[in-house]
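Results of the structural survey
Here's the letter readout for the chains.
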Amino acid sequence: MRLFLKRLRNSLIDSISEKIRGKFGESISCLHDNWFSQADVTDKLLLIAGRQVSWQLRSCRNLNTFEDVEFRVFSQWGEDGIIEWILQNLPIEHKTFIEFGVENYREANTRFLIENRNWKGLVIDGSDANIQTLRSNKLYWMFDITAVTEFITRGNINRIISENGFAGELGILSIDIDGNDYWVMEAIDCVNPSVIICEYNPILGDKYPITIPYEPSFSRLVAHHSGLYFGASIAAIKLLAKRKGYEFLGTNSNGINAFFVRKDLFPHLEPLIANRKAYPSKHRDSRAQDGSLTYVSGLGRYDLIKHLQVIRVDTGENVIFESLGIPYSQEWLSGMSIHHSFLGR
């Protein structure tokens, strides 16, 4: 069944561009000239495909890991499928969400959610140009979205949420700001989400609960030219979530977003996921001093930032990253396709 679902997802979503060109090419040109843009038609077809796959997920109640149900319509990776599966198996009363770090909302964790399930949401981004792009999109009037321009810090996040009417009970909280994610998540105390999604930095490894030191004006590329020095390790995010009363469910297979459910709701999902696994990443998005991509992979990414400071959130110590020793378990190294000893490089 899992193999069937993966093939179906590939057939319905990954081939959507070919379907558009082959079957709808001439009609799309006509629509573009008259009523809709090609992007509009593409989005409609993607949404239809996503809904078809969503129905198929109902037959995949028990999982090995979240990889079994991943698909993407508007999310960057497989978050659309993971969120949909969670909602199919979890009784959530409040159909509301908050997501920040959304850029112009073209690609986001909650866009399929709002179009497929018509939830109400608050989205926040530090760029006014991004928020204005969203506000000029018809998506903004078609659905109940509040879009706010704010550079988020741990000092202002509760005010932003409260001033925009989202304090209290909440369905989903999604955190992705490529920087102070740990510190902002720690500071949030005005909402009670059923589900939390938080980005982690897989290059920081899985053995130590570490994060970057807090800097209110943190910018990923300013902090280090590589863009690899940001956020927190999966161990740090898991520890923080546990302290806040949440249980870890797993991550997407690309090693970016971790999913947590509130402890009182955990019994609904615990027996359904055999392996609540966290994945490393194989991303090669490192940058040179001039901002160009360098495509550094594997342990070379660690070498770029190992001389920088991190904070152990379990002890409060401020240390140099490499002083901790090996930050990766053998399972993590294997997931990075590195099969030799870290020490024997």
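In short, a report on the structure. (Residues numbered from 1 in each chain as written. Predicted model: local features only at pLDDT ≥ 70, side-chain atom pairs only at ≥ 80, totals over all residues. Heavy atoms only, no water.)

**So, the pattern of salt bridges**
Overall, the coordinates contain 13 salt bridges when judged by the stated rule. Ionic pairing is found between R111 and D43, a salt bridge with its closest N-O pair at 3.1 Å. On the criterion of sequence distance, the pair formed by R111 in helix α5 (residues 111–117) and D43 in helix α3 (residues 38–57) is long-range, its members being 68 residues apart. We classify R111 as buried; its relative accessible area is 5%. With a closest N to O distance of 3.5 Å, D303 and K306 form a salt bridge. Of the residues examined, K306 reaches a relative accessible area of 26% and is grouped as partly exposed. Three or more residues are tied together by salt bridges with common partners; here these are D43, R106, R111 and E115. (Salt bridge = Lys/Arg side-chain N within 4 Å of Asp/Glu carboxyl O. Helix = DSSP H or I, 4+ residues; strand = E, 2+ residues; numbered from the N terminus. Buried < 20%, exposed > 50% of the residue type's maximum accessible area, 1.4 Å probe, protein only.)

**What to know about the packing of aromatic side chains**
Scanning the entire structure with this criterion turns up eight aromatic pairs. Chaining the aromatic ring pairs together yields one cluster made of F66, W85 and F259. A cation over a ring is seen here: K120 above F166, with NZ or CZ 5.7 Å from the ring centre. Looking at R154, its charged tip hangs above the ring of Y214, at a distance of 3.9 Å from the centre. (Phe/Tyr/Trp six-rings, centres within 6.5 Å; stacked < 30°, edge-to-face > 60°. Lys NZ or Arg CZ within 6 Å of the ring centre and 35° of its normal.)

**Let's talk about the sheet that holds strand β7 (residues 246–251)**
The strand order across the open sheet formed by seven strands is β3-β2-β1-β4-β5-β8-β7, and the pairing between neighbours is mixed. The open sheet terminates on both sides in strands that have one partner only, identified here as β3 (145–149) and β7. Shown here is a sheet whose adjacent strand axes are inclined to one another by a mean of 20°, direction ignored. Relative to strand β4 (residues 168–175), strand β1 (residues 96–100) runs parallel, the two being bridged by four bridges. Bridging across to β4, F100 finds its partner in I175. Relative to β3, helix α6 (residues 128–135) is tilted by about 160°, and along the sheet it contacts β2 (120–125) and β3. Relative to β7, helix α11 (residues 234–243) is tilted by about 150°, and along the sheet it contacts β5 (191–199), β7 and β8 (257–262). (Pairing = 2+ DSSP bridges. Axes fitted to C-alpha atoms, helices over the stretch in contact; angles between N-to-C directions. Contact = heavy atoms within 4.5 Å.)

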